[in-house]
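Each chain, written out:
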Amino acid sequence: MNMDVLVIGGGVIGCSILRELSRYDLRCVLVEKEEDVCSGTSKANSAIVHAGFDAKPGSLKAKMNVRGNEMMGKIAEDLDVDFKRNGSLVLLFDEADRPALNDLYEKGIANGVKDLRIVERDELKKLEPNISDRVVAALYAPTGGIICPFMLTVANAENAAANGAEFIFNKEITGIERVSDGEHAHHYKVTTKDKDVIEAKYVVNAAGVYADKIHNMVSDRKLHITPRAGEYELLDKEAGGMVKRTIFQLPSKMGKGILVTPTIHGNLLLGPTATDQDDKEGTGTTAVGLETVRDKSALSIKNIPYGKVITAFSGLRAHEDGGDFILGETEEGSGFFDAAGIESPGLTSAPAIGEYIAMLVAERAGAKKKENFIEKRNGIPHVAKLSKEERAALIKERPDYGVMVCRCEEISEGEIVDAIRRTPGARSLDGVKRRVRQGMGRCQAGFCTPRTMEILSREAGIPMEKICKNRKGSELLKEGY
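In what follows, the accompanying structure is described. (Residues numbered from 1 in each chain as written. Predicted model: local features only at pLDDT ≥ 70, side-chain atom pairs only at ≥ 80, totals over all residues. Heavy atoms only, no water.)

### What to know about the overall build of the protein
- Along the backbone of the protein there are 12 helices and 22 strands.
- Its C-alpha atoms give the protein a radius of gyration of 22 Å, within 12% of the compact-globule value 23 Å for 481 residues.
- The principal-axis extent of the C-alpha atoms belonging to the protein is close to 70 × 55 × 45 Å.
- Taking all contacts inside the protein whose residues are at least 6 apart in sequence as the whole, residues at least 24 apart take part in 71%.
- Of the roughly 20600 Å² of accessible surface on the protein, a fraction of 49% belongs to carbon and sulfur atoms.
- Computed over 68 positive and 72 negative side-chain charges, the inter-centroid distance for the protein is 3 Å. (Helix = DSSP H or I, 4+ residues; strand = E, 2+ residues; numbered from the N terminus. Rg over C-alpha atoms; globule rule 2.2 N^0.38 Å. Contact = heavy atoms within 4.5 Å. Areas by Shrake-Rupley, 256 points an atom, 1.4 Å probe, with all protein chains shown as cover. Lys, Arg positive; Asp, Glu negative; His and termini not counted. Charge placed at Lys NZ, Arg CZ, Asp CG, Glu CD.)

### Let's talk about helix H12 (residues 449-460)
- For H12, with 12 residues, the first-to-last C-alpha span of 16 Å sits near the 16 Å given by 1.5 Å per residue.
- For H12, the set of buried residues is Thr449, Thr452, Met453, Ile455, Leu456 and Ser457.
- On its buried face, H12 is in contact with strand E21 (404-406), helix H10 (413-421) and helix H11 (429-436).
- Following H12 by one or two positions, glycine 461 adopts a phi angle in the positive range, close to 70 degrees. (Expected span 1.5 Å × (residues − 1). Buried < 20%, exposed > 50% of the residue type's maximum accessible area, 1.4 Å probe, protein only.)

### Describing the pattern of salt bridges
- By the definition in use, this model includes 48 salt bridges.
- Notably, a salt bridge pairs lysine 171 with aspartate 196, separated by 2.5 Å at the nearest N-O pair. Within this pair, whereas lysine 171 is found in the loop between strand E9 (166-168) and strand E10 (173-182), its partner aspartate 196 is found in the loop between strand E11 (185-192) and strand E12 (197-205), the two being separated by 25 residues in sequence.
- Across the pair glutamate 233 and arginine 294 runs a salt bridge, and its minimum N-O distance is 2.9 Å. In this pair, glutamate 233 sits in strand E13 (residues 225-235) while arginine 294 sits in helix H7 (residues 287-300), placing the two residues 61 residues apart along the sequence.
- Linked by salt bridges that have partners in common, Arg19, Glu20, Arg23, Lys74, Asp78, Glu375 and Lys376 make up one network. (Salt bridge = Lys/Arg side-chain N within 4 Å of Asp/Glu carboxyl O.)

Following this line, the structure appears as structure tokens:
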């Protein structure tokens, strides 16, 4: 395969870059080592859009955060992704720490965050009645928001596909060689674990916690990324109204502390912890970590109903030793571009990083923008949100939208079918789940999994015993079941 641009990594960063690249007259392909997009860091994070007040002024984190926040409204509208500017609060518990809160405010102002202000306890109680009695003041950022990281990633991928981008899944890259094409010209020969070879003029490294490994294949300036694990607890929608805004605590050197936030789908999310580790695949939860989540979240909000927890999970953040995003070409004229060290606020920054890296690649390639770029993407209809008239019309056209599969989230067979049929389509249970939320409700797929497997087998032509939760090796049935 010969391409103009090869993007490594199918998370929200890689897919955002791919979508922006698809604006140009370039042949682009994204390679992902897992079975689907959104299978790494992007699948397990806080799902919030940061306002941009805590990054160091002048840093790439600060610039990309604020720009990404500004872009998010239009991106969400164009790609039909749920997004809400619910605002965020950073809580002050002790007057002795007020200088730190003021410093955070000054950082935000320097970064260009709009409408930022400090609110005192009386106003704070009106904003959030369940706030802890210990809280004395807070930094209020109305531009903060909440979004679905799964759908933002998938939507970028689908829109990129609609504009001609291609995808290769289940291919781990093991080698990158720069090949000379003559004087002042070269391209890259990229080899996978299965000995497949992809040749491309330009390579974009958006490999998450593996971005250092990919970068170090081509550059003498070595990177080192530490996987930083964060554990979370997700509560049932009955607890979703405990807070309206995203509630932070004053940040520490290990991150932003434990947050309490509503999700875009109406749940309540607590976390994350921050534990550095060596294992780039270690996403297990621990009793100690989840106890920390509960203890620290209780400092912010009173009477959190922990009995309503429906699941716990852990995600990894790609912390590079330098502490800032690494964006751009590795060396003069190399044609290899990094989007590495993308930890928080990576989700917020994704649209800006996509825009920036695609612009650099296009300039380097001398590529022009397409006149026929497809800007809009229509999402899969969610039957439960439709009016009776809309639902009836849809079911008349597609009867499978009238067959309920997931009772907790009210997901129909038609939604699952569309999740599989789209490009790139779901080929695993997690792929279906992230696209339409089948299995994300109170029973956590306890009732709807068998029927979803049958639909996945029928639509994708996968034998039942070969259907995986995610990657190969996570099959649910044995042969001859």
